[in-house]
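Architecture at a glance
Residue-level listing of the chains:
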Amino acid sequence: MLLRNPRRELEVDGPITIVNLLARLDVNRESVLVIRGGELVAGDATLADDDEVEIRPVISGGAQ
Amino acid sequence: MKCVTCKGPAIIDIRRHNANFCTEHFLEQCRRQVGKAIDEFDMIRPGERALVAVSGGKDSLAVWDLLVELGHDVDGFTIGLGIGDYSSTSSTYARAFAEERGLRLLEVDLPATHGYDIPTGARAARRAPCSACGLSKRHLFDAVALEGGYDVLVTGHNLDDEAAVLFGNTLHWHTEYLGRQLPVLPARDGFPRKVKPLVRLTERETAAYCVVRGIDYQVEECPMASGNRHLGYKHALNEIERSSPGAKHSFYFGFLAKAAERFAAEADEDRAGLHPCPSCGAPTTSEVCAFCRLVERAGGARPDEGTGAVEVVLGPTRAAATAAAAVPPATASAATAIGAAS
């Protein structure tokens, strides 16, 4: 999987649900989207061993 | 997960609404929330011309797209800030969005027009980069909206932005700011009307909207903003949201309903004494406005090379524009000679 900001790649054994994947990585679901093949992946979806996903942070912005 | 509306396969869960949505009904939900914000706070009236401040990030492109989808007449305006590859990539996304949809994008390149970029200008002026950036953007957004004859200036501030700013202002009891932290600031004292149609959407939702709509945007974080307090407040609020879905909405909209009015008088006091800056005509309470002081200090820090953005020249200052008040808005707008990318 690809994680952004900072950009890095990790391998995690499947099958695993999105919710469990984010919990294992200690990533807050409120702060990211999970994208597979350009499409959003729902939280209860299960990733197979050979799936490639991007975990994209959504928090942005400087001081106003 | 099933869509709360049609029971088809859901693509996203929104815990604060205790609801899941399929693609079609998620887009409908976003449009409904933006339409509700516009109506509830009387942001944009039928027939008005709007200018949206575009960074090339998810929020500004999402709000531009949503307003067009809702039938509004909206142009975009982007500023080349000179933050290396980050700025040039951001401008590329903004131009591509406009060109693909046949929309009008105005551009100003800060180094070309005012002689500084954000990194070198902030250092020269001894300001934090986000402070110099915010000041520069606010000034230019206001100036271009007024000089272009637009009825309203739109920004992509979302619920997370507003909740984080409210959190910071409350944490430090900046009461003079609390009274004007509103979804709409009416036109007054030489400022254009400013509206935030995304206040009912979180940034997870605006990012999801872009993915679903196929809108490419700048995903990377601004290198100058990394680790700033504003981002820290957002992370803190999302930790609260994780265990208490709806907390950000409750915090911000509770403030609007129950507290904002209590600080209005102080905000008014803060605006007392506004007068036109003798240099540029922008409203200020100082002898010379903060933007002109920044330009004076940072202008000598001009980088050797531009950003590659379109070089354009801003037209007459607002002081000059006021003197030429007999000129109809359309003519005044054309006289500013702001380049359009499309």
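For the structure itself, look to the data block above.
Since the model is a prediction, treat every value here as computed from it, not as a measurement. (Residues numbered from 1 in each chain as written. Chains lettered and ligands numbered in written order. Predicted model: local features only at pLDDT ≥ 70, side-chain atom pairs only at ≥ 80, totals over all residues.)

1. A closer look at the overall build of chain A
In plain terms, the rule: Here a strand is any run of E in DSSP of at least two residues, a helix any run of H or I of at least four, and the numbering for each starts at the N terminus. Three exposure classes are used, based on other C-beta atoms lying within 10 Å of a residue's own C-beta, which is placed from the backbone: buried for 20 or more, exposed for 12 or fewer, and partly exposed in between. Think of it this way: build a C-beta for each residue from its backbone, and any pair within 7 Å is a contact.
Each helix and strand counted, chain A has 1 helix and 7 strands in total. Along chain A, helices and strands appear, N-terminal first, in the series β-β-β-α-β-β-β-β. Dimensions of chain A along its principal axes, counting C-alpha atoms only, are 40 × 25 × 20 Å. For chain A, the residues scored as buried account for 25% of the 64 residues in total. Residue pairs at least 24 apart in sequence account for 61% of intrachain contacts in chain A once pairs closer than 6 positions are excluded.

2. Observations concerning the overall build of chain B
The helix and strand tally for chain B stands at 15 helices and 11 strands. For chain B, with 342 residues in total, the buried portion stands at 46%. Counting contacts in chain B only where the partners sit at least 6 residues apart, residues at least 24 apart contribute 73% of the total.

3. A closer look at unusual backbone geometry
With the exception of glycine, the majority of residues adopt a negative phi angle, and the majority of peptide bonds are in the trans configuration. The omega torsion across Gly14 of chain A and Pro15 of chain A is -5°, close enough to zero to call that bond cis. Relative to the elements of secondary structure, Pro15 of chain A occurs in the loop between strand S2 (8-9) and strand S3 (16-17). Unusually for a residue other than glycine, Asp26 of chain A sits at a positive phi of about 55°. Positive phi outside glycine occurs at Asp42 of chain B, with the angle close to 50°. Topologically, Asp42 of chain B is positioned in the loop between helix H1 (23-40) and strand S3 (49-53). Residue classification places Asp42 of chain B among the exposed positions, given that 12 C-beta atoms sit within 10 Å.

4. Some details on the nonpolar core
Residue and element names in this part refer to chain B. For clarity, the cut-off: Each nonpolar core reported here comprises buried Ala, Val, Leu, Ile, Met, Phe, Trp, Tyr and Cys residues connected via C-beta atoms within 7 Å.
Core analysis: the largest hydrophobic core is formed by 94 residues, its most contacted members being Ala50, Leu51, Val52 and Val154. Per-element tally for this core: the top contributor is helix H6 (residues 129-147), with 9 residues. Setting aside its immediate chain neighbours within four residues, Ala50 contacts Ile44, Leu67, His72, Asp73, Val74, Tyr150, Asp151, Val152 and Val154.

5. Examining the interface of chain B and chain A
Selection criterion: Charged residues are taken to be Asp, Glu, Lys and Arg, nonpolar residues to be Ala, Val, Leu, Ile, Met, Phe, Trp, Tyr, Cys and Pro, and polar residues to be all remaining types, Gly included.
Tallying the contact residues gives 34 residues for chain B and 19 residues for chain A. Broken down by element, the side of chain B that touches chain A gets its largest block of residues, 9 residues, from helix H10 (residues 229-243) of chain B. The residue makeup of the side of chain B that touches chain A, split by class, is 16 nonpolar, 7 polar and 11 charged.

6. Considerations on the sheet that holds strand S5 (residues 39-40) of chain A
Going by this rule: When DSSP finds at least two bridges between two strands, those strands are taken to pair. Note on geometry: axes are C-alpha line fits, over the in-contact stretch for helices, and angles between N-to-C directions span 0 to 180 degrees.
The strand order S2-S1-S7-S4-S5 (chain A) describes an open sheet built from 5 strands, whose pairing is mixed. A single partner strand is all that each edge strand has here, and the edge strands are S2 and S5 of chain A. Pairing analysis gives 2 bridges linking strand S4 (residues 32-36) of chain A to S5 of chain A, with the strands arranged antiparallel. Looking across to S5 of chain A, one finds that Arg36 of chain A is bridged to Glu39 of chain A. Its contacts with the sheet place helix H9 (residues 203-213) of chain B against S4, S5 and strand S7 (54-57) of chain A, and it is angled at close to 20° to S4 of chain A.

7. Here we look at the environment of Gly35 of chain B
Residues and elements named next belong to chain B. Along the chain, Gly35 falls in helix H1. Gly35 gets classed as partly exposed once you count the C-beta atoms within 10 Å, which come to 17. For the pair Gly35 and Arg123, spaced 88 residues apart in the sequence, the C-alpha separation amounts to 41 Å.

8. Thoughts on helix H2 (residues 58-69) of chain B
Three or four residues apart is the spacing at which side chains of an α-helix point the same way, because the helix has 3.6 residues per turn. Residue and element names in this part refer to chain B. What counts, and what does not: Expected span of a helix, by definition, is 1.5 Å for each gap between consecutive residues, and there is one gap fewer than residues.
Over its 12 residues, H2 runs 16 Å from end to end, which matches the ideal 16 Å to within 8%, given 1.5 Å per residue. In terms of burial, H2 is largely enclosed, as 10 of its 12 residues are buried. Residues of H2 that are buried include every one of Lys58, Asp59, Ser60, Leu61, Ala62, Val63, Trp64, Asp65, Leu66 and Leu67, and no others. Buried residues along H2 sit against H1, S3, strand S4 (73-80), helix H3 (84-101), strand S6 (152-154) and H9. Directly after H2, the chain includes Gly71, whose backbone phi takes a positive value near 90°.

Functional significance is not addressed by these values, which are geometric in nature.
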